[in-house]
Amino acid sequence: MIYKIEKNVIIITDKSQFDINHILKCGQIFRYKIEDGIATVFSLDKKAVVKTENGQTKIISSDLEYFVNFFDLNNNYTNVYNELTKFEFLKESIIFGKGLRILKQDLLESMVSFIISANNNIKRITNSLFYICEHLGQKVDDYYAFPTLKALKTASIEFFTIAGLGYRAKQLYATLQKLDANCLNDFIKMDFAQKQKWLISLSGIGEKVSDCILLFGDNQKYVFPVDTWIEKVYKNNFAQISAKNRFEMRKNLIKIFGEYSGLAQQFLFYYYRENNKKLLSK
DNA sequence: GCCCAGGGATGCG
DNA sequence: CGCATCCATGGG
């Protein structure tokens, strides 16, 4: 057990298991703020405030059970770290991002977030998502919830354009019109191949976005989202393993990292994106 | 003005 | 199939 709950606060003392800065800044989530060292995280209609003082992390929320699952706190990462460290290539990335964890986010919120992420930058993705919440989500205390599917389906293409989605506005609109509570429930019962096939059949979702949704919104391990950064990492470090395109890079990387693919990808994305100038030339 | 950002859809051979 | 091209938009 890496946490305890005292006086309605989750307490974590092992920073090698949980570093809120790395968890939030590694690109898996967009709805968060860090001000004066205090992090605020939003997921669906929930909010958590995360403070770290004297090496002790406190998570404060009105729904602790939700955030125990969200932060995957019943999963001890010690063993995973030991296995990941065996990959020499990952060592620097793991040292840099020690305490990074894969969040267990909502499926629909992940779908919307990563459809918007395509060929976009993180700042603009963040602004768009907050805008959508402010205008379609219910107000809760001092913030806005992620909208319900019903609310999202009422939004027009024009609304999403104003939200800054660019050409992704009509893609998101089209996908939302295809969704309902039934198909999201059916998704849970599908096997991996069916899930991937269904996701890619939707507008605005290709292989990379599908991998992000499966990794962050469905806790899948055998995925390796290859975006522009991972492509650079590949060209700089795996040039000897020939790959014509991102599809082949993904296949090769999953073959190398196996069940640790999703997490390895996240460490690499974070490390190389944060340090790109000195590490990547191609 | 150019290039880039957590790529995907489309059309052409 | 593989591949080239287009797609909005803000920032560097």
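Quick caveat, the model's predicted, so the values are computed rather than measured.

A separate point is the overall build of chain A. Broken down by element type, chain A carries 16 helices and eight strands. Expected size for 282 residues packed as a compact globule is a radius of gyration near 19 Å; at 19 Å, chain A falls within 12% of this value. On the principal axes, the C-alpha backbone points of chain A span a range of 50 × 50 × 40 Å. By the burial criterion, 51% of the 282 residues in chain A qualify as buried. Considering only residue pairs separated by 6 or more positions, chain A has 63% of its internal contacts joining residues 24 or more positions apart.

What follows covers the protein's contact with DNA strand B. Surveying the vicinity of DNA strand B reveals 29 residues, the closest of which are Gly27, Ile122, Tyr167, Lys232 and Gln265. Of all DNA strand B atoms lying within 4 Å of any protein atom, the proportion belonging to sugar or phosphate reaches 62%. A distance of 2.5 Å separates a base nitrogen of DNA strand B from a polar side-chain atom of tyrosine 167. Contacts to DNA strand B include valine 209, whose backbone N or O atom sits 2.9 Å from a phosphate oxygen. Of all elements in the fold, only helix H12 (207–218), helix H13 (228–237) and helix H15 (261–274) reach the threshold of two or more residues within the surface near DNA strand B. Residue classes in the surface near DNA strand B are distributed as eleven nonpolar, 13 polar and five charged.

Glancing now at the environment of serine 281. Position of serine 281 among the secondary structure elements: in the segment after helix H16 (276–279). In this structure the C-alpha to C-alpha distance between serine 281 and lysine 235, which are 46 residues apart in sequence, comes to 9.1 Å.

On the secondary structure map, aspartate 14 appears in the loop between strand S2 (9–12) and helix H1 (20–25). Here the alpha-carbon distance between aspartate 14 and asparagine 120, two residues 106 residues apart in the chain, equals 35 Å. One polar contact links aspartate 14 to serine 16, side chain to side chain, over a distance of 2.6 Å.

Further remarks concern the pattern of salt bridges. Considering all chains together, one arrives at 14 salt bridges under this definition. When the shortest N-O distance is used, the salt bridge between lysine 4 and glutamate 6 registers 3.6 Å. Accessibility expressed as a relative area gives 40% for glutamate 6, which makes it partly exposed. The residue lysine 235 makes a salt bridge to glutamate 231 at a minimum N-O spacing of 2.9 Å. Placement of both lysine 235 and glutamate 231 in helix H13 is noted, with a separation of four residues, approximately one turn of the helix. The network of salt bridges with shared partners includes Asp45, Lys46 and Asp63.

This part takes up the protein's contact with DNA strand C. Near DNA strand C you find Asn119, Asn121, Arg124, Thr161, Gly166, Tyr167 and Arg168, and these make up its full shell. By atom count, sugar and phosphate contribute 50% of the portion of DNA strand C lying within 4 Å of the protein. Take arginine 124: an N or O atom from its side chain is 2.8 Å from a base oxygen of DNA strand C. In this structure, a base nitrogen belonging to DNA strand C sits 3.4 Å away from a side-chain N or O atom of arginine 168. Residues that form the surface near DNA strand C fall into these classes: one nonpolar, four polar and two charged.

Okay, the packing of helix H10 (residues 181–189) against helix H11 (residues 192–201) next. Here H10 crosses H11 at 150 degrees, and the two axes come no closer than 8 Å. Note on element contacts: H11 touches H10 through Lys195, Trp198 and Leu199, opposite Cys183, Leu184, Phe187 and Ile188. Looking at the contact of H10 with H11, its residues break down into six nonpolar, no polar and one charged.

How each quantity is defined
- Residues numbered from 1 in each chain as written.
- Chains lettered and ligands numbered in written order.
- Predicted model: local features only at pLDDT ≥ 70, side-chain atom pairs only at ≥ 80, totals over all residues.
- Heavy atoms only, no water.
- Helix = DSSP H or I, 4+ residues; strand = E, 2+ residues; numbered from the N terminus.
- Rg over C-alpha atoms; globule rule 2.2 N^0.38 Å.
- Buried < 20%, exposed > 50% of the residue type's maximum accessible area, 1.4 Å probe, protein only.
- Contact = heavy atoms within 4.5 Å.
- Near = heavy atom within 4 Å.
- Polar contact = N/O pair within 3.5 Å; in protein donor to acceptor, adjacent residues only side chain to side chain.
- Nonpolar A, V, L, I, M, F, W, Y, C, P; charged D, E, K, R; others polar.
- Salt bridge = Lys/Arg side-chain N within 4 Å of Asp/Glu carboxyl O.
- Axes fitted to C-alpha atoms, helices over the stretch in contact; angles between N-to-C directions.

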